[in-house]
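Commentary on secondary and tertiary structure
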Amino acid sequence: MSKINSKTTRTITLGCRFNFYESEVMKLSEDLVSDGEDTIIINTCSVTREAERQSKQIVRKAIRENIGAKIIVTGCAAKTARDYFENLSGVAKVVQNEDKGDMDISKLQTGQSHYLFESRARAFLQIQNGCDHFCSYCIVPITRGRSKSVPPDFILKHIDYFVDRGFNEIVLSGIDITSYGKDSSDLSEPYDLHVILEKVLERTHLYKTRLRLSSIDPAAVNQNLLNLFLFEPRMMPYFHFSIQSGNNEVLKVMRRRHSREDVIELCSQIRKNRNQSVIGGDLIVGFPTETDAMFDDSLNLVDDAGLSLIHVFPYSARNGTLAAQMINLPATIIRERAAKLKEKANFAKTSLLRTLIGTTISGLIEKRDHTVSIGKSDSYLPFRVNHPFRSGEVVHDLKVIDVNQDELVAESNNV
Ligand code: SF4
């Protein structure tokens, strides 16, 4: 919530890190809000049918509970459910993603007491938007348009902004981040993801700023990028891949550009060459044409590729996508497979956590609850330590002494 000229602007955000970044900027910019009005900006998501249903529900609730406030609906469901929101009484404005206003933070009101992500331990920066791939199940190219890279000088200016405000960790995000620079007609010189990462690492060298990336397309990891993952200590050793299926036939129908074998090979290279690296991935279950045997390939990929942090997405048809024209599997089958994979995912995570008892970890403190500090390790694993560290602080030499549910319990050698 921010207070500018005695109005309040609040944001409610669903979906991806992308939306969170844009909400932070919208909250502080004046592009969307006008003087003297309490405004609620709801940044919606429609990556799945369930996400769109929740977006509609949250907008209706905001209207009901905030009589008199100006309700602005934006985000991906503002496109996929435009008619619904434009006809919903109580909604003042429906704003498409491309009209969310200028994301240039230096244009933010100077002398503002608030800054981006001030309540968060790490900062997020969007470096690429949109996507050109049109995977057969995905609505994103429709809701976010073609791939567009943020110019390097714009990125570096924002990195300075975050470093100046004391952030020790920055997450660089993109809808299809590995296609950074591919639309280089808009950029001064040819770029790709590893080039801009090296520029950011160079810019933050003195501050030892730690970098993380949003979800990565396994098909687009070239040797230069892989070398950064393996040998650059300030690239945090957690890699989240948009894998989607463990079966090659399903991957083909999904119009993905990698094979099961590519994922296994990539993950084995990372695990062999980068200490304490943890690998995660997105997997869709119940995609049209997926047989029991094909689903088993996804289940087995968890072990074969050594995946530990898995996001399970039950397939849901999105209007306007190629897959929406295919015959859906029965909802019961989709639910069963999702439950089975979630069970496997939980086991994979807990097994990994248990192997870390007795080891030493480093990490970033995200919040503190009295004397207990909670954070994420360099490999993005949750931990708690009985020591009053500061939110945003980087801590080292934490000894893992136990696992409590799905969290590491550590003690600090600093006391
Ligand atoms: S690469 Fe990702 S964002 Fe692009 S179409 Fe495929 S799933 Fe969607």
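Use the structure listed above.
This structure is a prediction, so every number in the text was calculated from the model and none was measured.

**Some details on the sheet that holds strand β12 (residues 309-314)**
- Spatial ordering of the open sheet is given by β10-β11-β12, a layout of three strands whose pairing is parallel. Two strands lie at the open edges of the sheet, namely β10 (238-244) and β12, each paired on one side alone. Averaged over neighbouring strand pairs, the angle between their axes works out to 15° when direction is ignored.
- Sheet analysis places β10 next to strand β11 (residues 278-285), joined by six bridges and oriented parallel. Within β11, the position partnered with Gln244 by the bridge is Leu283.
- Seen against the sheet, helix α10 (residues 260-273) touches β10 and β11 and runs at an angle of roughly 175° to β10.

**Overview of the site of the ligand**
- Around the ligand sit Cys131, His133, Phe134, Cys135, Tyr137, Cys138, Val140, Pro141, Ile175, Arg256 and Arg257, and that is every residue in its neighbourhood.
- Grouping the amino acids of the shell around the ligand by side-chain chemistry returns eight nonpolar, one polar and two charged.

**Some words on the side chain of Ser259**
- Tracing the backbone through its elements, the reader meets Ser259 in the loop between α9 (248-253) and α10.
- Residue classification places Ser259 among the buried residues on the basis of a relative accessible area of 17%.
- Setting aside its immediate chain neighbours within four residues, Ser259 contacts Asn248 and Leu251.

**Re the state of the cysteines**
- Counted under the stated rule, the structure contains zero disulfides.
- Left without a disulfide partner, Cys267 is nearest to the cysteine sulfur of Cys135, which lies 18 Å away.

**Notes on helix α11 (residues 292-304)**
- In this model α11 runs 18 Å from its N-terminal to its C-terminal C-alpha over 13 residues, within 8% of the 18 Å that 1.5 Å per residue would give.
- The complete set of buried residues in α11 reads Met294, Phe295, Ser298, Leu299, Leu301 and Val302.
- On the buried face of α11, the contacting elements are β10, α9, α10, β11, β12 and α12 (331-355).
- Looking at the residues trailing α11, positive phi occurs at Gly306, about 65°.

**Some details on helix α2 (residues 49-65)**
- Counted at 1.5 Å a residue, the expected span for α2 with its 17 residues is 24 Å, and the 24 Å between its end C-alpha atoms agrees.
- What α2 keeps buried is the set Ala51, Glu52, Ser55, Val59, Ala62 and Ile63. Projected down its long axis, α2 carries its buried residues within an arc of 115°, all on one side. Seen from the buried face of α2, the exposed residues on the opposite side, beyond 90 degrees, are Arg64 and Glu65.

Conventions we followed
Residues numbered from 1 in each chain as written. Predicted model: local features only at pLDDT ≥ 70, side-chain atom pairs only at ≥ 80, totals over all residues. Heavy atoms only, no water. Pairing = 2+ DSSP bridges. Helix = DSSP H or I, 4+ residues; strand = E, 2+ residues; numbered from the N terminus. Axes fitted to C-alpha atoms, helices over the stretch in contact; angles between N-to-C directions. Contact = heavy atoms within 4.5 Å. Near = heavy atom within 4 Å. Nonpolar A, V, L, I, M, F, W, Y, C, P; charged D, E, K, R; others polar. Buried < 20%, exposed > 50% of the residue type's maximum accessible area, 1.4 Å probe, protein only. Disulfide = S-S within 2.5 Å. Expected span 1.5 Å × (residues − 1). Arc of directions from axis to C-beta.

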